[in-house]
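Each chain, letter by letter, is given below.
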Amino acid sequence: ITAEVVVASSFDDLETLGKSKIEGKIVLFTAKFDDALAKQGQADKAYGQVTPFRRNGASAAAKLGALAAINTSAGGGGNRLPHTGSM
């Protein structure tokens, strides 16, 4: 798939962009894993803040006509176990 990339840091950003700016494009979700929160012993909470984009991002983008959706990492830099997740 080759298309222009549109960046959204949240689902609110996606909705604000709207169909006219999303349709026919690839959406890149840039929600970042909160390393500081993880270092405070709350890694599960930090992980939980970013996984909704992996689980629901493609569907939310598709509703606005996106061709595809991709996400930044849903883990910290120390986590080197890539996977496709679930959707």
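Relevant structure appears above.
For the structure given in this document, a descriptive report is provided here. (Residues numbered from 1 in each chain as written. Predicted model: local features only at pLDDT ≥ 70, side-chain atom pairs only at ≥ 80, totals over all residues. Heavy atoms only, no water.)

### Here we look at the sheet that holds strand E3 (residues 68-71)
Consideration 1: Across the sheet, three strands lie side by side as E1-E2-E3; this open sheet has parallel pairing. Sheet topology places strand E1 (5-8) and E3 at the edges, where each strand pairs with a single neighbour. Within this sheet the neighbouring strands show an average axis-to-axis angle of 25°, counted without direction.
Consideration 2: Relative to E3, strand E2 (residues 26-29) runs parallel, the two being bridged by four bridges. Residue Ile 26 lies in a different strand from E3, and its bridge partner there is Ala 68.
Consideration 3: Against the sheet, helix H1 (residues 11-22) contacts E1 and E2, and its axis sits at roughly 155° relative to E1.
Consideration 4: Contacts between helix H2 (residues 35-63) and the sheet are confined to E2 and E3, with E3 contributing the most and set at about 155° to the helix. (Pairing = 2+ DSSP bridges. Helix = DSSP H or I, 4+ residues; strand = E, 2+ residues; numbered from the N terminus. Axes fitted to C-alpha atoms, helices over the stretch in contact; angles between N-to-C directions. Contact = heavy atoms within 4.5 Å.)

Honestly, it's all geometry; don't read function into it.
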